[in-house]
Amino acid sequence: MCGRYALFRWSQSFAGLPGFPPGQQAQWNIAPGASVLIQRQLEGQLQLASARWGLTPAWLTDLSRTPAQARAETLAEQPMFREPLRQRRCLMPANGFYEWRGTARKRPYWVTPGEGASLFFAALWEVYPVQEQQWLSCAVVTQAAVNQRRPLILDEAEQVLWLDPATPMAKLHELLAKPPTVLRERALANFVNDPKLNGPECLTPA
């Protein structure tokens with residue numbers, strides 16, 4: 001399950017998109033509940049925004065139940081995700097994500113397409129109104145891969161289809177069922193186990 005990821009490097013073109021926070025800091029240990037960057041297509045233009053990682057539809061009354069992940073296989077069937085799949089799709093940019101494996105003492109792993117790589121997770125977004133303000137939230141779409149659930153990673157052409165509001169539902173289902181992306185893995189020391197630690201030491205090799 002994708003419970004943590006990192007975004008500490010980005011391109012100049014990405015930083016030039018509307019909505020990129022001027023004070024954006026490198027994030028090495030992003031967990032559910034944190035404020036994250038999402039990329040959307042609004043009125044034909046790519047835009048960035050900050051959103052809470054944990055989907056919060058306007059009708060939700062129990063705010064302790066805000067899912068950070070959405071299973072690709074059942075998106076179209078679940079009331080929580082059905083409407084966002086049709087109308088509110090986004091991307092979550094990252095440089096990689098963490099997995100933990102083992103039994104008695106789990107070992108963290110850094111998972112990425114390659115050193116210096118950027119990747120984009122398929123995601124859904126929602127609006128939650130509070131008084132006169134509207135807050136954004138999101139959930140990452142996950143798929144089964146290597147006995148785990150990993151983010152659904154989209155290449156450049158797939159990103160365009162995912163964000164385009166005119167993409168037919170049949171094509172979206174093809175994206176949701178695509179084979180998992182081949183990724184590299186590296187065993188890490190246990191620094192990243194501390195959710196309060198947010199620095200490059202999170203990627204210290206084992």
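Now for a description of the structure that goes with this document.

Cut-offs applied
- For every chain, the first residue of the written sequence is number 1, and numbering continues from 1 along that sequence.
- Where totals are concerned, whole chains, interfaces and linings use all residues; where local detail is concerned, this predicted model gives features only for residues with pLDDT of at least 70, and gives and counts side-chain atom pairs only at 80 or more.
- The side-chain numbers reported here are obtained from all heavy atoms of the structure, hydrogens and water having been left aside.
- Note on aromatic pairs: the rings of Phe, Tyr and Trp (six-membered ring only in Trp) are paired at centre separations within 6.5 Å, and the planes decide the class, stacked below 30 degrees, edge-to-face beyond 60, tilted for the rest.
- Note on conventions: DSSP H or I runs of at least 4 residues are helices, E runs of at least 2 residues are strands, and numbering of each starts at the N terminus.
- Burial status follows relative accessibility: with a 1.4 Å probe on protein chains alone, a residue under 20% of its type maximum counts as buried, one over 50% as exposed, and anything between as partly exposed.
- By the criterion adopted, a ring carries a charge over it if an Arg CZ or a Lys NZ lies within 6 Å of its centre and within 35 degrees of its normal.
- Polar contact is defined as a pair of N or O atoms within 3.5 Å, subject to the rule that within protein one atom must be able to donate a hydrogen and the other to accept it, and that residues adjacent in sequence are counted only when both atoms are side-chain atoms.
- Residue contacts follow a heavy-atom distance rule, with two residues in contact if any of their heavy atoms lie within 4.5 Å.
- This arc corresponds to the set of directions leading from the helix axis out to the C-beta atoms.
- Residues grouped as a nonpolar core are buried Ala, Val, Leu, Ile, Met, Phe, Trp, Tyr and Cys residues, joined through side-chain atoms within 4.5 Å.
- Salt-bridge detection follows one rule: a side-chain nitrogen of Lys or Arg within 4 Å of a carboxyl oxygen of Asp or Glu.
- Pairing between strands is defined by DSSP: at least two bridges between them are needed.

1. Thoughts on the packing of aromatic side chains
Step number 1: Counting across every chain of the model gives 10 aromatic pairs.
Step number 2: When the centroid spacing of 6.1 Å and the interplanar angle of 75 degrees are considered together, the rings of Phe97 and Phe121 count as edge-to-face. Of this pair, Phe97 sits in strand β7 (residues 96-101) while Phe121 sits in strand β9 (residues 119-130), and the two are 24 residues apart along the sequence. Of the two residues, Phe97 and Phe121, neither departs from the other in class, the shared state being buried.
Step number 3: Members of the aromatic cluster, joined through ring pairs, are Phe8, Trp28, Tyr98, Trp100 and Trp110.
Step number 4: Above the plane of the ring of Trp125 lies Arg40, whose end atom (NZ or CZ) is 4.4 Å from the centre.
Step number 5: Above the plane of the ring of Trp162 lies Arg89, whose end atom (NZ or CZ) is 5.9 Å from the centre.

2. A closer look at the side chain of Lys178
Step number 1: Along the chain, Lys178 turns up in the loop between α4 (169-176) and β12 (184-187).
Step number 2: At 2.8 Å, the side chain of Lys178 forms a polar contact with the backbone oxygen of Ile153.
Step number 3: Not counting residues within four places of it along the chain, the set of residues in contact with Lys178 comprises Gln143, Leu152, Ile153, Leu154 and Glu158.

3. Structural notes on helix α2 (residues 79-87)
Step number 1: Turning to α2, its buried residues number three or more, namely Met80, Phe81, Pro84 and Leu85. Projected down its long axis, α2 carries its buried residues within an arc of 105 degrees, all on one side. Turned more than 90 degrees off the buried face of α2, the exposed positions are Pro79 and Gln87.
Step number 2: Looking at the buried positions of α2, the neighbouring elements they touch are β5 (69-71), β6 (89-94), β9, α3 (156-163) and α4.

4. Observations concerning the nonpolar core
Step number 1: Core analysis: the biggest nonpolar cluster contains 50 residues, and Tyr5, Ile38, Trp53, Met92, Phe121, Val141 and Trp162 have the highest contact counts within it.
Step number 2: Those residues in contact with Tyr5 that lie beyond four places of it in its chain are Trp28, Asn29, Ile30, Val36, Trp53, Met92, Pro93, Ala94, Gly96, Phe97, Tyr98 and Phe121.
Step number 3: Counting 9 residues, the second largest nonpolar core, distinct from the first, contains Phe8, Trp110, Val192 and Leu203.

5. Remarks on the pattern of salt bridges
Step number 1: With the rule as written, the count across this model stands at 10 salt bridges.
Step number 2: Between Arg88 and Glu126 there is a salt bridge, with the nearest N and O atoms lying 3.1 Å from each other. Taken together, the positions of Arg88 in the loop between α2 and β6 and Glu126 in strand β9 put the pair 38 residues apart, joining distant regions of the chain. For the pair Arg88 and Glu126, one class covers both residues: buried.
Step number 3: Among the ionic pairs, Lys171 bridges to Glu174, the shortest N-O distance being 3.1 Å.

6. Focus on the pairing of β9
Strand residues, when the strand is regular, have side chains that alternate between the two faces of the sheet.
Step number 1: Within β9, 9 of the 12 residues are buried, which leaves the element mostly enclosed by the surrounding structure.
Step number 2: Pairing of β6 with β9, which is carried by 6 bridges, proceeds in the antiparallel orientation. Bridge assignment links Cys90 to a residue of β9, and that residue is Ala123.
Step number 3: Taking the residues that link successive antiparallel strands as the turn, the β9-strand β10 (residues 133-145) hairpin has 2 residues, and the phi of Gln131 there is positive, at about 55 degrees.

7. Some remarks on unusual backbone geometry
Step number 1: Even without glycine at this site, Glu43 takes up a positive phi of about 50 degrees.
Step number 2: The topology assignment puts Glu43 in the loop between β3 (35-42) and β4 (45-53).
Step number 3: One non-glycine residue with positive phi stands out, namely Gln131, at about 55 degrees.
Step number 4: Structurally, the position occupied by Gln131 is in the loop between β9 and β10.

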